[in-house]
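Structural characterization, general
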Amino acid sequence: AIQAAAKAGGAAPKATQQAAASPGVQMAPKGRVFEEEKPEPCPVENFNLNKTFKGHQMSVSNLALHPRKAIIATASDDATWKMWDIPSGDLIMSGDGHRDWVAGVDFHPAGTHLASASGDCTVKVWDFA
């Protein structure tokens, strides 16, 4: 796609030095990285707030969507993670095994586990299958 754009008279891609490729970036010979053009965002005419989830005692630091179910997991500075039903906002479960703030959460692609990372220097894997 990059070579075709250059041959067709399009703008030449920007080359930058990076150690690893990120989404939307292709690696080129000798560690050079070519950034692809990003599509324009679709215009949105209307946003409506559907639900506010309340339950953490401190700031929410991260969230993850379940890969197969209408569930969201949140991580918080209150040293817990919580799992919520979408769209009702009902609390499904909560994990409180960390001793410091929870920096992030993410689901296993099969949706059977949740990993949480914390300021207590641990990563915990929660099995709820």
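Residues numbered from 1 in each chain as written. Predicted model: local features only at pLDDT ≥ 70, side-chain atom pairs only at ≥ 80, totals over all residues. Heavy atoms only, no water.

1. Details of the sheet that holds strand β9 (residues 113-118)
Heads up, the rule is: Pairing between two strands is assigned when DSSP locates at least 2 bridges connecting them. Helix numbering and strand numbering both begin at the N terminus, where a helix is a DSSP run of H or I of at least 4 residues and a strand a DSSP run of E of at least 2. Angles here are taken between N-to-C directions and fall from 0 to 180 degrees, while the axes themselves are lines fitted to C-alpha atoms, restricted in helices to the stretch in contact.
Strand order in this open sheet of 3 strands is β8-β9-β10, and the pairing throughout is antiparallel. Where the open sheet ends on each side, the last strands, each with one partner, are β8 (102-107) and β10 (123-127). This sheet shows a mean twist of 20° between the axes of neighbouring strands, independent of strand direction.

2. Section: unusual backbone geometry
Stated formally: For the exposure calls, accessible area comes from a 1.4 Å probe over protein chains only, and a residue counts as buried if that area is under 20% of its type's maximum, exposed if over 50%, partly exposed in between.
The peptide bond linking Ile 86 to Pro 87 adopts the cis configuration, its omega dihedral lying at 10°. Take Pro 87: it is sitting in the loop between β6 (81-85) and β7 (91-95). Residue Ala 79 is not a glycine yet carries a positive backbone phi of 75°. Considering the arrangement of structural elements, one finds Ala 79 in the loop between β5 (71-76) and β6. Overall, the relative accessible area of 14% leaves Ala 79 in the buried class. Unusually for a residue other than glycine, Cys 121 sits at a positive phi of about 70°. Mapped onto the elements of the fold, Cys 121 is located in the loop between β9 and β10.

3. Some points on the nonpolar core
The condition that has to hold: Here, the term nonpolar core denotes a set of buried Ala, Val, Leu, Ile, Met, Phe, Trp, Tyr and Cys residues that are joined through side-chain atoms within 4.5 Å. The contact rule is simple, with two residues in contact once any of their heavy atoms fall within 4.5 Å.
Counting 10 residues, the largest nonpolar core is built from Ala 64, Ile 71, Ala 73, Ala 75, Trp 81, Met 83, Val 102, Val 105, Phe 107 and Leu 114. Counting only elements with at least two residues in this core, the list comes to β5, β6 and β8. What Val 102 contacts, discounting residues up to four positions off in sequence, is Ser 61, Ala 75, Ser 76, Ala 79, Thr 80, Ser 116, Ala 117 and Ser 118.

4. Description of the confidence of the model for the protein chain
Put simply, the rule reads: Confidence scores here are pLDDT values: one per residue, from the predictor, ranging 0 to 100.
Summary statistics for the protein chain give a mean pLDDT of 79 and a share of 72% for residues scoring 70 or more. Counted against residues more than four places away or in other chains, residues 1-22, with its pLDDT under 50, gives 22 contacts.

5. Re the sheet that holds strand β4 (residues 60-65)
One open sheet accounts for 4 strands, arranged β4-β5-β6-β7; its pairing is antiparallel. Single-partner strands in this sheet number two, and they are β4 and β7. Between one strand and the next, the sheet's axes are offset by a mean angle of 20°, whatever the strand orientation.

6. A word on the side chain of Ser 76
To be explicit about the condition: Two N or O atoms count as a polar contact when they lie within 3.5 Å, although within protein this holds only if one can serve as hydrogen donor and the other as acceptor, and sequence-adjacent residues are included solely when both atoms are side-chain atoms.
Structurally, the position occupied by Ser 76 is in strand β5. At 2.9 Å, the side chain of Ser 76 forms a polar contact with the backbone oxygen of Ser 59. Discounting residues that sit within four places of it in the chain, Ser 76 has contacts with His 56, Met 58, Ser 59, Val 60, Ser 61, Trp 101 and Val 102.

7. Side note on a nonpolar patch on the surface
Convention followed: Patch rule: a residue counts if its relative accessible area is over 30% and it has no salt bridge; like charges are joined within 9 Å, and nonpolar side chains (Val, Leu, Ile, Met, Phe, Trp, Tyr) within 5 Å. Note on areas: Shrake-Rupley with a 1.4 Å probe; residue coverage comes only from the protein chains shown. Here a salt bridge means any side-chain nitrogen of Lys or Arg lying within 4 Å of a carboxyl oxygen belonging to Asp or Glu.
Where nonpolar side chains cluster on the molecular surface, the patch consists of Leu 63, Leu 65 and Ile 86 and spans about 270 Å² of accessible area. For Ile 86, a relative accessible area of 31% puts it in the partly exposed group.

8. Quick word on the packing of aromatic side chains
So the rule is basically this: Stacked, tilted and edge-to-face are the three classes assigned to paired rings of Phe, Tyr and Trp, where Trp is represented by its six-membered ring and a pair needs centres within 6.5 Å; plane angles under 30 degrees give stacked, over 60 edge-to-face, the rest tilted.
Counted under the stated rule, the structure contains 2 aromatic pairs. Both rings, one in Trp 81 and one in Trp 126, keep their centres 5.3 Å apart while their planes meet at 65°; by these two values the pair is edge-to-face. Of the two residues, Trp 81 is situated in strand β6 and Trp 126 in strand β10; the sequence distance between them amounts to 45 residues. Taking relative accessible area as the criterion, Trp 81 reaches 3% and is therefore assigned buried. According to the relative accessible area criterion, Trp 126 is partly exposed, its value standing at 22%.

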